[in-house]
Amino acid sequence: MATSGARSSRLGGLGQWWGIIAAVLLIAAWINKAAGPTVVATLSALVLIWSLFQAPATCGAPVRGREDGCRNNAAGLLMGCHIRQHRWQKLKMLILRRQVRTFCSGLFTDGKAALVTLAAIGSFLSGLVAFIPSAALN
C-alpha cells in the first residue's frame, strides 16, 4: 500500500511541536518561584535541543541561482531539508569561518525561523541565568 508521505505517528504530526510545551513549562517555571534552578535548566536545555534539531524551519542551504537559499522545510536550525547534501552544507556553514555570517543571516529570514531562533536564544540565556546564584529564582 502506498503512503502519502505524511507522518503516521499517533500524534498525527504534532510530535514535532513538543518544544512549545516545554517552552510554556519553562515560562511557568520562571513565574513559579517554587521551581528550582535544575527544573529551569532542564527545561531550557529541552527547548534549546528542540529548536536546534527538531523545530519546523526553512532549510536555507546555499543553492545555485537563489540568494535566499533552499526553501524546503527542515527540522531545526542546524539540520537541512530532506536532501542529504543540504544537511552537510548547513553544518559546514557553522565550521567554516567565512560561512558563519551566511548561517547567521538566515536565522531571521521568515517568521518561523525568527520564532525558533528567539526560542533558542531565550532558552540558552534562561539556562545560564538559572545557575547564577544571585539571579536564580530568588
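As the structure is a prediction and not an experimental result, all values here were calculated from the model.

Attention now goes to the side chain of Ser123. Locating Ser123 in the fold gives a position in helix H5 (residues 111-130). When its relative accessible area of 3% is taken as the criterion, Ser123 is described as buried. In terms of polar contacts, Ser123 uses its side chain to reach the backbone carbonyl oxygen of Ala120, at 3.0 Å.

Over its 14 residues, helix H1 (residues 18-31) runs 20 Å from end to end, which matches the ideal 20 Å to within 8%, given 1.5 Å per residue. Buried residues of H1: Gly19, Ala22, Leu26 and Ala29, and no others. The buried side chains of H1 occupy one side of the element, clustering within an arc of 70° when seen end-on. Relative to its buried face, H1 has exposed residues pointing more than 90 degrees away, namely Ile21, Val24, Ile27 and Ile31. Summarising the contacts, the buried residues of H1 are in contact with helix H2 (37-53) and H5.

Calculation notes
Residues numbered from 1 in each chain as written. Predicted model: local features only at pLDDT ≥ 70, side-chain atom pairs only at ≥ 80, totals over all residues. Heavy atoms only, no water. Helix = DSSP H or I, 4+ residues; strand = E, 2+ residues; numbered from the N terminus. Buried < 20%, exposed > 50% of the residue type's maximum accessible area, 1.4 Å probe, protein only. Polar contact = N/O pair within 3.5 Å; in protein donor to acceptor, adjacent residues only side chain to side chain. Expected span 1.5 Å × (residues − 1). Arc of directions from axis to C-beta. Contact = heavy atoms within 4.5 Å.

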